[in-house]
Amino acid sequence: MPDLVRVSTLYRQTTFGVAVHGPSHRLVGAAAGTLVLNAHAGSALLQHPLLLLGSLVLGAWGGTAPDWLEVPYGTGRRLITHRTVTHWVPVWCGLLWCAYQGAWAHPTLQLGLQAFLFGGLSHLLMDWPNPRGVPVFWPTKRHSLALWNSGQHDVKLVVLLGTLAVARLLAA
Ligand SMILES: [Zn+2]
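Residues numbered from 1 in each chain as written. Predicted model: local features only at pLDDT ≥ 70, side-chain atom pairs only at ≥ 80, totals over all residues.

1. Remarks on the overall build of the protein chain
Part 1: Within the protein chain, the secondary structure is distributed over six helices and four strands.
Part 2: Ordering the α and β elements of the protein chain from the N terminus gives α-α-α-β-β-α-α-β-β-α.
Part 3: Here the protein chain, with 172 residues, has 31% of them falling under the buried criterion.
Part 4: Considering only contacts within the protein chain whose residues lie at least 6 apart along the sequence, 69% involve residues at least 24 apart. (Helix = DSSP H or I, 4+ residues; strand = E, 2+ residues; numbered from the N terminus. Buried ≥ 20, exposed ≤ 12 C-beta atoms within 10 Å, placed from the backbone. Contact = placed C-beta atoms within 7 Å.)

2. Digging into unusual backbone geometry
Part 1: Phi at Val-71 is positive, roughly 55°, even though this residue is not glycine.
Part 2: Among the secondary structure elements, Val-71 is positioned in the loop between α3 (49-68) and β1 (72-73).
Part 3: A count of 11 C-beta atoms within 10 Å places Val-71 in the exposed class.
Part 4: One non-glycine residue, Arg-83, lies in the positive phi region at around 55°.

3. Examining the nonpolar core
Part 1: Residues Val-28, Ala-31, Ala-32, Ala-115, Leu-117, Phe-118 and Leu-161 are the most contacted members of the largest nonpolar core, which totals 23 residues.
Part 2: Among the elements of the structure, α1 (2-41), α3, α5 (107-127) and α6 (154-171) are those that each provide at least two residues to this core.
Part 3: The dominant element in this core, judged by the number of residues it contributes, is α5, at nine residues.
Part 4: When near neighbours in sequence (up to four residues on either side) are disregarded, Val-28 contacts Gly-63, Ser-122, Met-126, Leu-157, Val-158 and Leu-161. (Core = buried A, V, L, I, M, F, W, Y, C linked by C-beta atoms within 7 Å.)

4. Considerations on the packing of helix α4 (residues 89-99) against α5
Part 1: Packing of α4 against α5 brings their axes to within 9 Å, and their N-to-C directions diverge by 160°. In terms of their interaxial angle, α4 and α5 are classed as roughly antiparallel. The interaxial crossing formed by α4 with α5 has left-handed handedness. Contacts between α4 and α5 involve Val-89, Trp-92, Leu-95, Leu-96 and Ala-99 on the former and, on the latter, Gln-110, Leu-113, Gln-114, Leu-117, Gly-120, Leu-121 and Leu-124.
Part 2: Split into classes, the residues belonging to the contact of α4 with α5 amount to nine nonpolar, three polar and no charged. (Axes fitted to C-alpha atoms, helices over the stretch in contact; angles between N-to-C directions. Parallel < 35°, antiparallel > 145°, perpendicular 65-115°, else oblique. Left-handed = near helix turned anticlockwise from the far one by under 90°. Nonpolar A, V, L, I, M, F, W, Y, C, P; charged D, E, K, R; others polar.)

5. Some points on the environment of Gly-63
Part 1: Mapped onto the elements, Gly-63 comes out in helix α3.
Part 2: Considering only alpha carbons, one finds Gly-63 and Arg-26, 37 residues apart in sequence, at a separation of 5.0 Å.

6. Some points on the pairing of strand β3 (residues 134-138)
Part 1: Examined bridge by bridge, β3 and strand β4 (residues 141-143) share three bridges and lie antiparallel to one another. When the bridges of β4 are listed, Val-134 appears paired with His-143. (Pairing = 2+ DSSP bridges.)

7. Structural notes on the environment of Val-57
Part 1: The residue Val-57 is located in helix α3 in this model.
Part 2: Residue Val-57 is classed as partly exposed on the basis of its 18 C-beta neighbours within 10 Å.
Part 3: For the pair Val-57 and Thr-34, spaced 23 residues apart in the sequence, the C-alpha separation amounts to 9.4 Å.

8. A look at α5
Within an α-helix, residues lying three or four positions from one another point in the same direction, as the helix has 3.6 residues per turn.
Part 1: An ideal rise of 1.5 Å per residue puts 30 Å on 21 residues; α5 measures up with 30 Å between its terminal C-alpha atoms.
Part 2: Where burial is concerned, most of α5 is hidden: 16 out of the 21 residues are buried. (Expected span 1.5 Å × (residues − 1).)

9. So, the packing of α3 against α5
Part 1: Where α3 contacts α5, the two axes come as close as 6 Å, and the packing angle between them is 40°. In terms of their interaxial angle, α3 and α5 are classed as oblique. Where α3 crosses over α5, the two elements pack in a sense that is right-handed. For the pair α3 and α5, contact is made by Gly-54, Ser-55, Leu-58, Gly-59, Ala-60, Trp-61, Gly-62, Gly-63, Thr-64, Ala-65 and Pro-66 and by Gly-112, Ala-115, Phe-116, Leu-117, Phe-118, Gly-119, Gly-120, Ser-122, His-123 and Leu-124, respectively.
Part 2: Among the residues making up the contact of α3 with α5, the classes are represented as ten nonpolar, eleven polar and no charged.

Dropping the structure here:
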């Protein structure tokens, strides 16, 4: 019986942790990307499919950024320790604040950066509730909301954010 529990735990850690959690981060990031652009561009977004596509791609890219910025290599090794500085909430909030300052010479670049950063922030929001948590005040000290295990409610989060993004687009 303990073996069965161990196998089930491993299955959750591998199948859900890798196969499901990565795409979930991309999908939630993509939804977050469209939400930020939608807030800016309003109905104009629907008239420019490239803006919508760009926001989806950049949001999805940002949605996995805190993990790939750790520079994974070999089998499970990373150049930067997992969930430290790349998952540090103040960094992403600070960069997002900068991305909202003033009107940029290239508004499309500004919107793209915001979509990417919102994607990154959505990653932290998905990691925060699980036991490992994310660094909130200090890069080496993580805090967990201890609400659920990694990947446990990813599908619900994807559906929730996706629905919100589509609703906002249709209302624009
Ligand atoms: Zn992460």
